[in-house]
Amino acid sequence: MPPEPGDNSSLGLALLGSGNVGAGVVAALNEGAARYALQVGRPLALRQVLVRDATRARPGLGDAHLTISIDEVLADRDVQIVIELMGGEHPAREYIERALASGRHVVTANKEVMAKHGAALLAVAAQHGVRLLYEASVGGGIPVISPLSRDLLANELTAVTAIINGTTNYMLTGMARDGTDYAVALAEAQRLGYAEPDPTADVEGIDATYKLAILCGLAFHAAVAPDDVARQGISRLAARDFRYAEALGYTIKLLAIGRLVDGGVVASVQPTLIARDEPLAKVDGVLNAVQIEGDLVGRVLFIGRGAGPGPTSSAVLADVLDVARDIVAGRTPLAAPEQRVLPVHPPALHRSRYYLRVTVQDRPRVLARLAGVLGEHEISIASVIQFETDDDARTAELVITTHHAPGSAMEAALSEIRALDAVVEVGNVLAMGG
Ligand SMILES: NC(=O)c1ccc[n+]([C@@H]2O[C@H](COP(=O)([O-])OP(=O)(O)OC[C@H]3O[C@@H](n4cnc5c(N)ncnc54)[C@H](OP(=O)(O)O)[C@@H]3O)[C@@H](O)[C@H]2O)c1
């Protein structure tokens, strides 16, 4: 219904989930009420709050109705904007769909739902003439969805390179700075509440694949599913990898990379050596950063706090204010742009430079044999450094860096290298940027 001129009644909001981020949104809505009313032209009123446990007191809810029933939330005809902050795939996906189908605009911070079901839900929104906004789903408070959807639209974007998981970035920064091993860095992050008791989604790169899938979809106007993203976690990294990387002039970051290559998309999340003078090498602690490359704009870098109630509320409420202004102005939402069909190249075709850490028997001609195997697979060596020898065990640790080679060639070479009797262990294999 178009608004009546001079209508000053409040715009009704519902919150699905009032945990960490939800509480931040409630606090910001209360503190910023006067300012938001001015920006929108009408006051915002929180009418419904859905949680799992409605017996627990929640501060700041005022007159809002606390419930465990989505039916009660959607039955309130004065709710015009639904804010989903429950997290997880189910029932969040179903609740978002029901809200859209009942004519409500939806704002969500849910990366898993948007990565797996974003295209289908955006189609439901278009069908019902409402908007589905998701700025907070990637990079917390960093504006990145909106720049990709609007400000950079004139470009052919060619690459997105991002640090989009604060937990792992905190751990990797500690490992680089303090020389600690993975287990120590994880225990410290858990003690400080930066890592969950079950850290799998973060340390295995799963959370980052959701976010990268969303970024690639927007950047390349193509459907990229989380399963299309080649993924390697950080749990195999050792303190010595950071020492050796530093000696080579690099640091190690969990990089999420999407690229347009040969008319297709290449997407990966993996620990990567990046030169210490690269801007992304200096993104430390819980900070996130997203670097985007376009044909017109060149390189742009967005950096900031990727999580926490404050930054995430900033992104959630920006979407709420945007849609609220549309409602007040009586603007009809545009459907999401069509996506083109682009192939997603399998990981075996990804080309990268590589860092190999190999423990070998300390005897003549071992290096020549390693070089021979790499050469047979057309992988050329950029440098070889012998970092440590163990005189008692008569072994040496070599770090070999290579020029660009396809993942399939490296896989084939590695299985032969592992089988060499002079090779004690392939300690780690990492991608190198540049
Ligand atoms: N935390 C961050 O810094 C951050 C940053 C960016 C994006 N996000 C995203 O924001 C969303 C919320 O994260 P969060 O950290 O605020 O989560 P959270 O603290 O675990 O809060 C989840 C809230 O949802 C409610 N809830 C969960 N399942 C429900 C169900 N089946 N029915 C009804 N209510 C349900 C919970 O109710 P109870 O309170 O009764 O348990 C709780 O209020 C997630 O999608 C997350 O990925 C979070």
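Being a predicted model, the structure only gives us computed values, none of them experimental.

## Some thoughts on the overall build of the chain
Along the backbone of the chain there are 14 helices and 17 strands. In terms of C-alpha radius of gyration, the chain reaches 25 Å, essentially the compact-globule figure of 22 Å for 434 residues. Taking the principal axes of its C-alpha atoms as reference, the chain extends roughly 85 × 45 × 35 Å. A separation threshold of at least 6 residues defines the contact pool for the chain, and within that pool the share at least 24 residues apart is 74%.

## Let's talk about the domain arrangement of the chain
Entries for the chain in the domain assignment read domain 1 (11-140 + 309-329), domain 2 (145-305) and domain 3 (348-432). If you average the C-alpha positions of domain 1 and of domain 3, the two centres end up 52 Å apart.

## Brief notes about the packing of helix α4 (residues 92-101) against helix α5 (residues 111-127)
Here α4 crosses α5 at 15 degrees, and the two axes come no closer than 10 Å. In this view, α4 runs roughly parallel relative to α5, as classed from their interaxial angle. In terms of crossing hand, the pair formed by α4 and α5 is right-handed. Residues Ala92, Arg93, Ile96, Glu97, Leu100 and Ala101 of α4 form the contact with α5, whose own contacting residues are Val113, His117, Leu121, Val124 and Ala125. Tallied by class, residues from the contact of α4 with α5 come to 8 nonpolar, 1 polar and 2 charged.

## Quick look at the pairing of strand β7 (residues 157-163)
Counting buried residues in β7 gives 5 out of 7 residues, a clear majority hidden from the surface. Bridge count for β7 against strand β11 (residues 287-294) is 6 bridges, and the pairing is antiparallel. Its bridge partner lying in β11, Val160 is registered against Ile292. Sheet topology places β7 next to strand β9 (residues 250-261); 4 bridges connect them, and they run antiparallel. Following the sheet pairing, Ala162 is matched in β9 by Ala256.

## What about the site of the ligand?
Taken together, 22 residues form the shell around the ligand, and within it Gly17, Gly19, Asn20, Gly87 and Ala307 come nearest. The dominant element in the shell around the ligand, judged by the number of residues it contributes, is helix α1 (residues 20-31), at 3 residues. The residue inventory of the shell around the ligand, partitioned by class, reads 9 nonpolar, 10 polar and 3 charged.

## Things to note about the nonpolar core
The biggest cluster of nonpolar side chains holds 125 residues, and the ones touching the most others in it are Leu13, Leu15, Ile83, Leu212, Cys216 and Val316. Top contributing element to this core by residue count: helix α10 (residues 206-220), with 10 residues. Sequence-distant contacts of Val316, defined by excluding residues within four places in its chain, comprise Val21, Val25, Ile83, Val107, Ala109 and Ala136.

## Re the sheet that holds strand β5 (residues 105-108)
Pairing in this open sheet of 6 strands is parallel, and the strands run β3-β2-β1-β4-β5-β6 from one edge to the other. Unpaired on one side and paired on the other, β3 (65-67) and β6 (132-133) mark the two borders of the sheet. In this sheet, β3 lies alongside strand β2 (residues 44-50) in parallel orientation, the contact comprising 3 bridges. Note on β3: the bridge partner recorded for Val49 is Leu66.

## Points about unusual backbone geometry
Look at the link from His90 to Pro91: it is a cis peptide, with omega at 0 degrees. Position of Pro91 relative to the elements: it lies in the loop between β4 (79-84) and α4. The phi angle at Asp262 is positive, at roughly 50 degrees, despite the residue not being glycine. On the secondary structure map, Asp262 appears in the loop between β9 and β10 (264-275). For Asp262, a count of 9 C-beta atoms within 10 Å gives the class exposed.

## Things to note about the environment of Gly24
With respect to the helices and strands, Gly24 occurs in helix α1. On the basis of neighbour counts, which here come to 21 C-beta atoms within 10 Å, the residue Gly24 falls in the buried class. Residues in contact with Gly24, not counting those within four places in the same chain, are Pro309, Gly310, Thr312 and Ser313.

## Some points on the pairing of β4
Most of β4 is tucked away: 6 of the 6 residues are buried. Where strand β1 (residues 11-16) lies against β4, 5 bridges are found, and the strand directions are parallel. By the bridge assignment, Gly12 is partnered in β4 with Val79.

## What to know about the packing of α5 against α10
Contact geometry for α5 and α10: axes closest at 8 Å, N-to-C directions at 50 degrees. The orientation of α5 with respect to α10, classified from their angle, is oblique. Helix-helix and strand crossings are classified by hand; for α5 and α10 the assignment is left-handed. Between α5 and α10, the contacting residues are Lys111, Glu112, Met114, Ala115 and Gly118 on the first element and Tyr210, Lys211, Ala213, Ile214 and Gly217 on the second. Across the contact of α5 with α10, the residue classes break down as 5 nonpolar, 2 polar and 3 charged.

## Points about helix α14 (residues 407-419)
If you check α14, its first and last C-alpha atoms are 19 Å apart, about what 13 residues at 1.5 Å a residue would give, namely 18 Å. Taken together, the buried positions of α14 are Met410, Ala413 and Ile417. One side of α14 carries all its buried residues, which in axial view fall inside an arc of 70 degrees. Exposed and facing more than 90 degrees away from the buried side of α14 are Ser415, Arg418 and Ala419. On the buried face of α14, the contacting elements are β13 (351-361), α13 (366-376), β16 (405-406) and β17 (423-432).

Calculation rules
- Residues numbered from 1 in each chain as written.
- Predicted model: local features only at pLDDT ≥ 70, side-chain atom pairs only at ≥ 80, totals over all residues.
- Helix = DSSP H or I, 4+ residues; strand = E, 2+ residues; numbered from the N terminus.
- Rg over C-alpha atoms; globule rule 2.2 N^0.38 Å.
- Contact = placed C-beta atoms within 7 Å.
- Domains from an automatic or database assignment.
- Axes fitted to C-alpha atoms, helices over the stretch in contact; angles between N-to-C directions.
- Parallel < 35°, antiparallel > 145°, perpendicular 65-115°, else oblique.
- Left-handed = near helix turned anticlockwise from the far one by under 90°.
- Nonpolar A, V, L, I, M, F, W, Y, C, P; charged D, E, K, R; others polar.
- Buried ≥ 20, exposed ≤ 12 C-beta atoms within 10 Å, placed from the backbone.
- Pairing = 2+ DSSP bridges.
- Near = placed C-beta within 6 Å.
- Core = buried A, V, L, I, M, F, W, Y, C linked by C-beta atoms within 7 Å.
- Expected span 1.5 Å × (residues − 1).
- Arc of directions from axis to C-beta.

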